[in-house]
Amino acid sequence: MDLLLDHLRPRARNSHKGSNGGAGILGGAASMVGAAFLAGRAALRLGSGRVYLGLLDGQAPAIDPLQPELMLRQPESLLAAPLTALACGPGMGSGDDAREWLRRACSLPLPLLLDADALNLLAGESGLRQEVLARAAPTLLSPHPSEAARLLDCSTACVQDDRPRAARELAARYGAVTVLKGCGSIVAAPGGEWFVNTSGNPGLATAGTGDVLSGFIVALLAQGWPALEAMLAAVHLHGVAADERVAAGSGPIGLTAGEIIDSARAAFNRWVARGR
Ligand SMILES: NC(=O)C1=CN([C@@H]2O[C@H](COP(=O)(O)OP(=O)(O)OC[C@H]3O[C@@H](n4cnc5c(N)ncnc54)[C@H](O)[C@@H]3O)[C@@H](O)[C@H]2O)[C@@H](O)CC1
Ligand SMILES: Nc1ncnc2c1ncn2[C@@H]1O[C@H](COP(=O)(O)OP(=O)(O)O)[C@@H](O)[C@H]1O
């Protein structure tokens, strides 16, 4: 937690939405628009001043009726929005269009989180890896063990056999702050430092919780947090939020991804109020 203290700053009294960053989420291909919605709702509730979704599904709705604050766009206009950080992958699919948008996203001079299908596309193309390595702005990766296995070209069992080794290898190979998700998430930096997260519970083993984590990470990046600190804070907060929901009786069985978003908002505001 000491690493995070400097960044837990209260809102300035004269703050406006433009002071609090613009988070972009690129994803939401057909039948997986919900993944992008979850990430967007999470980014908004963790304080990003504006949140834009670029949805690949041409039939996607024009609005999230439960969160009309989100700005839903075509991918092209997402990439032209005033973003201060971008997350790619939640529900993105692996078609040619997804690959092309990912390449365009990698070329932007913004902190960039790659999750879910963006990781699968990255695993399948060595050219993209070179583009990621050449980025000047920070890159972050958030694989679960199967996505990590695809990136490392090994089996999921091999990743799970030595999780710190796998996380550190990914961070070094891609020059990216990496979280290897799962029970006891490992956060690793390209320089070799690594951390084990102690919060969270099996209630999180349900669809969409990774999308929510992506939203938390990109929200902190958009507000100017450095990559490693944003990753550590978001991963810890995600687990704390789930622990608090379970303590309140909403799980672990049947906890849903969307439910942890408001708990995370409350916990984050508490951290800021306490200065930690
Ligand atoms: N509401 C939605 O639209 C949702 C869409 N989603 C999207 O669905 C697409 C496919 O993602 P998936 O992650 O389901 O598919 P994957 O095939 O990448 O991974 C699922 C498999 O990974 C393995 N795995 C995951 N976590 C593990 C752990 N901790 N330990 C061991 N093995 C583990 C399991 O075998 C699991 O069945 C992505 O684009 C994703 O964003 C999901 O995020 C779920 C919600
Ligand atoms: N048993 C567990 N204990 C703690 N955290 C867990 C557990 N199972 C899953 N999680 C967390 O839940 C999230 C699941 O993410 P992911 O596998 O990407 O799901 P999805 O793709 O459905 O959104 C990760 O943050 C992971 O660390």
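The model shown is predicted, which means the values in this text are computed figures rather than measured ones.

Criteria and thresholds
Residues numbered from 1 in each chain as written. Chains lettered and ligands numbered in written order. Predicted model: local features only at pLDDT ≥ 70, side-chain atom pairs only at ≥ 80, totals over all residues. Heavy atoms only, no water. Core = buried A, V, L, I, M, F, W, Y, C linked by side-chain atoms within 4.5 Å. Buried < 20%, exposed > 50% of the residue type's maximum accessible area, 1.4 Å probe, protein only. Helix = DSSP H or I, 4+ residues; strand = E, 2+ residues; numbered from the N terminus. Contact = heavy atoms within 4.5 Å. Near = heavy atom within 4 Å. Polar contact = N/O pair within 3.5 Å; in protein donor to acceptor, adjacent residues only side chain to side chain. Areas by Shrake-Rupley, 256 points an atom, 1.4 Å probe, with all protein chains shown as cover. Salt bridge = Lys/Arg side-chain N within 4 Å of Asp/Glu carboxyl O. Disulfide = S-S within 2.5 Å. UniProt positions renumbered as here; feature names shortened; annotations may be inferred.

**Regarding the nonpolar core**
Item 1. Of all hydrophobic cores here, the largest spans 58 residues; its most connected members are I25 and F268.
Item 2. Breaking this core down by element, the ones donating at least two residues are β1 (22-27), α1 (33-45), β2 (50-55), β4 (85-88), β7 (177-180), α9 (209-222), α10 (227-247) and α11 (259-274).
Item 3. Not counting the four nearest positions on each side in its chain, F268 is found in contact with L8, L46, L220, W225 and L237.

**As for the site of ligand 2**
Item 1. Near ligand 2 there are 16 residues, and of these K181, G182, G208, T209 and G210 occur at the shortest range.
Item 2. Between an oxygen atom of ligand 2 and a main-chain N or O atom of D211, the distance comes to 3.2 Å.
Item 3. Relative to its unbound accessible surface of 580 Å², ligand 2 loses 79% to contact with the protein.
Item 4. Top element by residues in the shell around ligand 2 is α9. It accounts for 4 residues.

**So, the pattern of salt bridges**
Item 1. Tallied over the entire structure, the rule returns 14 salt bridges.
Item 2. D96 is paired through a salt bridge with R99; the nearest N and O atoms lie 3.0 Å apart. Linking D96 with R99, this pair stays in helix α3 (residues 96-106), spanning 3 residues, or about one helical turn.
Item 3. The exposure class assigned to R99 is partly exposed, which follows from its relative accessible area of 27%.
Item 4. Three or more residues are tied together by salt bridges with common partners; here these are D96, R99, R103, E125 and E131.

**What to know about the state of the cysteines**
Item 1. By the definition in use, this model includes 0 disulfides.
Item 2. The cysteine C158 is free of any disulfide, with C154 supplying the nearest cysteine sulfur at 3.7 Å.
Item 3. Note on C183: no disulfide assigned, nearest cysteine sulfur contributed by C158 at a separation of 19 Å.
Item 4. Residue classification places C183 among the exposed positions, given a relative accessible area of 81%.

**Side note on the UniProt feature "binding site: AMP" (unreviewed entry) in the protein chain**
Item 1. Per the UniProt entry, the sites bearing "binding site: AMP" (unreviewed entry) are K181, G182, C183, G184, S185 and G210 in this numbering. Separation in sequence by 30 residues is not matched in space for these annotated residues, since their most distant C-alpha atoms are only 14.1 Å apart.
Item 2. Relative to the helices and strands, G184 is located in the loop between β7 and β8 (186-188).
Item 3. Residue classification places G184 among the partly exposed residues on the basis of a relative accessible area of 23%.
Item 4. Ignoring any residue separated from it by four or fewer positions in sequence, one finds G184 in contact with R163, V196 and N197.
Item 5. As for its position among the elements, S185 is in the loop between β7 and β8.
Item 6. Setting aside residues up to four positions removed in sequence, S185 forms contacts with R163, V179, L180, F195, V196, N197 and V235.
Item 7. In this structure the side chain of S185 is engaged in a polar contact, spanning 3.2 Å, whose partner is the backbone oxygen of G182.

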